[in-house]
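Here is how the chains run, residue by residue.
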Amino acid sequence: MNIAIIGYGKMGKEIEKIALERGHTISLKVTSQNADYAPADLQSSDVAIEFSIPEAAKQNIFKCFEANVPVAVGTTAWYADFEEVAAKCTTENQALLYASNFSLGVNLFWQMTDKLSALMENHKEYTASINEIHHTEKLDAPSGTAITTAEKIISNSSNLNDWFLSENGKTQELSLPISAERIPNVPGTHTVTYASDIDKIELTHEAKSRKGFALGSVLAAEFLHKKQGVFTMNDLLGI
Ligand SMILES: NC(=O)c1ccc[n+]([C@@H]2O[C@H](COP(=O)([O-])OP(=O)(O)OC[C@H]3O[C@@H](n4cnc5c(N)ncnc54)[C@H](OP(=O)(O)O)[C@@H]3O)[C@@H](O)[C@H]2O)c1
């Protein structure tokens, strides 16, 4: 396939490596320098993979729709626009797969979190929290992955109805604390903790590199080719 890489930064470069290894060709690379590219520039692409910046994600997705090019979106923190984007995708018979985390391991971690939080609902002596650690260049906090993790815990809990970004161990009633740390060169670590007065249970996913995210996004692009609709990693992984 001919793949357009929209956002050729840390992730875009990793995606290029995996795409070439899997026999694809890169038809377009977009950075801040050529961010004013036109939908016509996508005409030679079969699919696009978008890992840019939150402020640009919607416009990039709409350019793909206009060019009839399916798009796999890894950019995080644009989800306030999700309903509008999904509606346009459906109305215009386009294809979109979005994931706050493309790694298979994290998608398994989410399945485990779902099961763990359902089990813990009967054990109110434990208090849930999430910690995420990323490299210092990450723009958003908490991470999209931490937010998705929080949504799974909240959906199984009768005494939590929201999450909040917790600093210095602060707590809020009925709200799940997410703490975010920024440490150089950390690709992404997420931990769910259930703590009681006498012990604690932890579930951690630690990415060793960006390769898992890149591979997942290329698999998503392959999955999207010639499809229409709005998809998630659950569709790709058959979960
Ligand atoms: N879903 C996942 O699995 C996953 C995994 C990792 C990261 N992410 C997310 O992916 C995004 C990118 O992460 P990253 O680490 O690759 O960031 P990065 O290294 O900062 O790269 C961002 C890229 O986007 C380019 N860019 C800036 N404005 C643009 C525009 N208007 N249109 C297109 N491209 C534009 C930048 O251009 P310049 O090079 O000129 O600055 C750069 O090449 C973030 O939102 C991050 O949270 C998601």
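Residues numbered from 1 in each chain as written. Predicted model: local features only at pLDDT ≥ 70, side-chain atom pairs only at ≥ 80, totals over all residues. Heavy atoms only, no water.

Comments concerning the site of the ligand
Around the ligand, a shell composed of 25 residues is seen, among which Lys 10, Met 11, Ser 32, Thr 76 and Phe 102 lie nearest. Within the contact set of the ligand, a nitrogen atom lies 3.0 Å away from a backbone nitrogen or oxygen of Gly 74. A distance of 2.8 Å separates an oxygen atom of the ligand from a polar atom in the side chain of Thr 76. Expressed as a share of its isolated accessible area of 930 Å², the protein-covered part of the ligand is 79%. Contributions of two or more residues to the shell around the ligand are made by helix H1 (10-21) and helix H2 (54-66). (Near = heavy atom within 4 Å. Polar contact = N/O pair within 3.5 Å; in protein donor to acceptor, adjacent residues only side chain to side chain. Areas by Shrake-Rupley, 256 points an atom, 1.4 Å probe, with all protein chains shown as cover. Helix = DSSP H or I, 4+ residues; strand = E, 2+ residues; numbered from the N terminus.)

Re the pairing of strand S9 (residues 189-195)
Residues in a regular strand point their side chains to alternate faces of the sheet. Burial analysis of S9 places six of its seven residues in the buried class, which makes it a mostly covered element. Relative to S9, strand S6 (residues 127-134) runs antiparallel, the two being bridged by seven bridges. The residue of S9 that forms the bridge with Ile 130 is Val 192. Where S9 hands over to strand S10 (residues 200-206), the hairpin turn is made up of four residues, counted between the paired strands. (Buried < 20%, exposed > 50% of the residue type's maximum accessible area, 1.4 Å probe, protein only. Pairing = 2+ DSSP bridges.)

What to know about the domain arrangement of the protein
Partitioning the protein into domains gives domain 1 (2-102 + 211-237) and domain 2 (104-206). Taking the mean C-alpha position of each, domain 1 and domain 2 sit 27 Å from one another. Contact with domain 1, which involves 12 residues of that partner, is made by 14 residues of domain 2. Summing both partners gives a buried area of about 950 Å² for domain 1 against domain 2, and 54% of it is carried by carbon and sulfur. (Domains from an automatic or database assignment. Contact = heavy atoms within 4.5 Å. Buried area = accessible area lost by both parts, 1.4 Å probe.)

Things to note about the side chain of Glu 50
Among the structural elements, Glu 50 can be located in strand S3 (residues 47-50). Buried charge without a partner: Glu 50 forms no salt bridge, and the closest opposite charge is Lys 63, 9.6 Å away. Looking at Glu 50, its side chain comes within polar contact range of the side chain of Thr 75, at 2.5 Å. Ignoring any residue separated from it by four or fewer positions in sequence, one finds Glu 50 in contact with Ile 6, Ala 56, Ala 57, Asn 60, Val 71, Ala 72, Val 73, Gly 74 and Thr 75. (Lys, Arg positive; Asp, Glu negative; His and termini not counted. Salt bridge = Lys/Arg side-chain N within 4 Å of Asp/Glu carboxyl O.)

Brief notes about the nonpolar core
Membership of the largest hydrophobic core comes to 26 residues, with the highest contact counts inside it found for Ile 3, Ile 15, Ile 49, Leu 97 and Phe 102. Mapped by element, the contributors of at least two residues to this core are strand S1 (2-6), H1, S3, strand S5 (95-98) and helix H6 (211-224). Per-element accounting of this core gives the leading share, seven residues, to H6. Among residues more than four places away in sequence, those in contact with Phe 102 are Phe 51, Ala 72, Val 73, Gly 74, Leu 97, Asn 107, Gly 212, Phe 213, Gly 216, Ser 217, Ala 220 and Met 233. Counting 22 residues, the second largest nonpolar core, distinct from the first, contains Ala 4, Val 30, Tyr 37 and Ala 67. (Core = buried A, V, L, I, M, F, W, Y, C linked by side-chain atoms within 4.5 Å.)

What about the sheet that holds strand S2 (residues 25-30)?
Reading across the sheet, the six strands line up as S2-S1-S3-S4-S5-S11 and stay open at both edges, with parallel pairing between neighbours. The open sheet has two edge strands, S2 and strand S11 (229-231), and neither has a second partner. Neighbour-to-neighbour, the strand axes of the sheet open up by a mean angle of 20°, direction not taken into account. Across three bridges, strand S4 (residues 71-73) lies against S5 in parallel orientation. By the bridge assignment for S5, Ala 72 is matched with Leu 97. (Axes fitted to C-alpha atoms, helices over the stretch in contact; angles between N-to-C directions.)

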